[in-house]
Amino acid sequence: DAGITQSPRHKVTETGTPVTLRCHQTENHRYMYWYRQDPGHGLRLIHYSYGVKDTDKGEVSDGYSVSRSKTEDFLLTLESATSSQTSVYFCAISSLAGASGNEQFFGPGTRLTVL
Amino acid sequence: AQSVSQHNHHVILSEAASLELGCNYSYGGTVNLFWYVQYPGQHLQLLLKYFSGDPLVKGIKGFEAEFIKSKFSFNLRKPSVQWSDTAEYFCAVGTGANNLFFGTGTRLTVIP
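Residues numbered from 1 in each chain as written. Chains lettered and ligands numbered in written order. Predicted model: local features only at pLDDT ≥ 70, side-chain atom pairs only at ≥ 80, totals over all residues. Heavy atoms only, no water.

Enquirer: What should I look at first to understand the overall build of chain A in this one?
Expert: Scanning chain A from terminus to terminus reveals zero helices and eleven strands. Reading the helices (α) and strands (β) of chain A from amino to carboxyl end gives β-β-β-β-β-β-β-β-β-β-β. Relative to the globule expectation of 13 Å for 115 residues, the C-alpha radius of gyration of chain A, 13 Å, shows essentially globular dimensions. The principal-axis extent of the C-alpha atoms belonging to chain A is close to 45 × 30 × 25 Å. For chain A, the share of sequence-separated contacts (at least 6 apart) that also reach a separation of at least 24 residues comes to 55%. Summed over all atoms, the accessible surface of chain A reaches about 5300 Å², with 48% contributed by carbon and sulfur. Positive and negative charge centroids in chain A, built from 11 and 12 side chains respectively, lie 3 Å apart. (Helix = DSSP H or I, 4+ residues; strand = E, 2+ residues; numbered from the N terminus. Rg over C-alpha atoms; globule rule 2.2 N^0.38 Å. Contact = heavy atoms within 4.5 Å. Areas by Shrake-Rupley, 256 points an atom, 1.4 Å probe, with all protein chains shown as cover. Lys, Arg positive; Asp, Glu negative; His and termini not counted. Charge placed at Lys NZ, Arg CZ, Asp CG, Glu CD.)

So this is what it looks like as structure tokens:
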């Protein structure tokens, strides 16, 4: 398995509080992604990063921000959590090296519950 | 905008039955195609992928998929499923932007 860890793995928080999820990789891959997984929606891209301090929005970026100050870490922040952000969040990484192309490797996920 | 359709939301099969899960995409350019599997409580893992060449690709655990360009399809098949194949299966399409677009997933339940 690719060296990807996510922390925390589970979190319960209250509406209106800030939450930060961390993704850490040991593969030195250039690209990192944050997805949310919800029943009936599959995986939807929140934000992604194509290098240190280089990020861009995905399909469902409203209410989320990201930062990448080091190659290995990609942080996802919910500035003021809402119940609609209750979800499972997956981090993924990819490299364009060789034949990998767009193949992405996924972390174990973070289950976030917003009460 | 790109989209990926998986029309089968939940498939229930008995062990040894054959499996085919549909995946259609809408994108006119060159694509890379993937099937990922998510076992209960686990993260997504790659089953197989197509970049170029032979449109019939073989993956792990006896799965295969066929890319039919004219139909914009990349259906997943397995001749004989096992109980351990119970999982959720996601089709994904990659374009030159290096982002993947996922389908909504198909839940497969295999009955022993």
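Once the structure has been displayed, the description carries forward.
Enquirer: Help me out: how do you make sense of the state of the cysteines in this one?
Expert: Each disulfide consists of one covalent bond between the sulfur atoms belonging to two cysteines. This structure, assessed with the given rule, holds two disulfides over all chains. Between the sulfur of Cys23 of chain A and that of Cys91 of chain A lies a disulfide, 1.9 Å long from S to S. Here the S-S torsion is close to -70°, and the disulfide linking Cys23 of chain A with Cys91 of chain A is therefore left-handed. Placement of Cys23 of chain A in strand 3 (residues 19-25) and of Cys91 of chain A in strand 9 (residues 87-94) is noted, with a sequence separation of 68 residues between them. Residue Cys23 of chain A is classed as buried on the basis of its relative accessible area of 0%. Covalent S-S linkage joins Cys23 of chain B and Cys91 of chain B, the inter-sulfur distance amounting to 1.9 Å. Between Cys23 of chain B and Cys91 of chain B, the S-S torsion sits near -65°, and that sign places the bridge as left-handed. Linking Cys23 of chain B in the loop between strand 3 (19-21) and strand 4 (24-26) with Cys91 of chain B in strand 10 (residues 87-94), this pair joins segments that are 68 residues apart in sequence. Given the relative accessible area of 0%, Cys23 of chain B is considered buried. (Disulfide = S-S within 2.5 Å. Buried < 20%, exposed > 50% of the residue type's maximum accessible area, 1.4 Å probe, protein only.)

Enquirer: What should I look at first to understand the sheet that holds strand 8 (residues 73-78) of chain A in this one?
Expert: Paired through their backbone hydrogen bonds, the strands of a sheet run either parallel or antiparallel. Residue and element names in this part refer to chain A. Reading across the sheet, the four strands line up as 1-3-8-7 and stay open at both edges, with antiparallel pairing between neighbours. Edge positions in the open sheet fall to strand 1 (4-7) and strand 7 (64-70), since each of these has one partner strand only. Along the sheet, successive strands turn relative to each other by an average axial angle of 20°, direction set aside. As paired strands, strand 3 and strand 8 are joined by six bridges and run antiparallel to one another. (Pairing = 2+ DSSP bridges. Axes fitted to C-alpha atoms, helices over the stretch in contact; angles between N-to-C directions.)

Enquirer: Teacher, can you tell me more about the interface of chain B and chain A here?
Expert: In many reports, interface size means the accessible area that the parts give up when they come together. With 19 residues of chain B at the contact, the number on the chain A side is 23 residues. When chain B packs against chain A, close to 1600 Å² is buried across both sides, 50% of that on carbon and sulfur atoms. Inspection of the chain B/chain A interface yields zero salt bridges. At the surface where chain B touches chain A, the tally comes to two residue pairs in polar contact (both at pLDDT 80 or more). Counting residues per element, the ones that place at least two in the side of chain B that touches chain A are strand 5 (32-38), strand 6 (45-50), strand 10 and strand 11 (100-102) of chain B. The leading source of residues in the side of chain B that touches chain A is strand 5 of chain B, at four residues. Residue composition of the side of chain B that touches chain A, by class: eight nonpolar, ten polar and one charged. (Buried area = accessible area lost by both parts, 1.4 Å probe. Salt bridge = Lys/Arg side-chain N within 4 Å of Asp/Glu carboxyl O. Polar contact = N/O pair within 3.5 Å; in protein donor to acceptor, adjacent residues only side chain to side chain. Nonpolar A, V, L, I, M, F, W, Y, C, P; charged D, E, K, R; others polar.)

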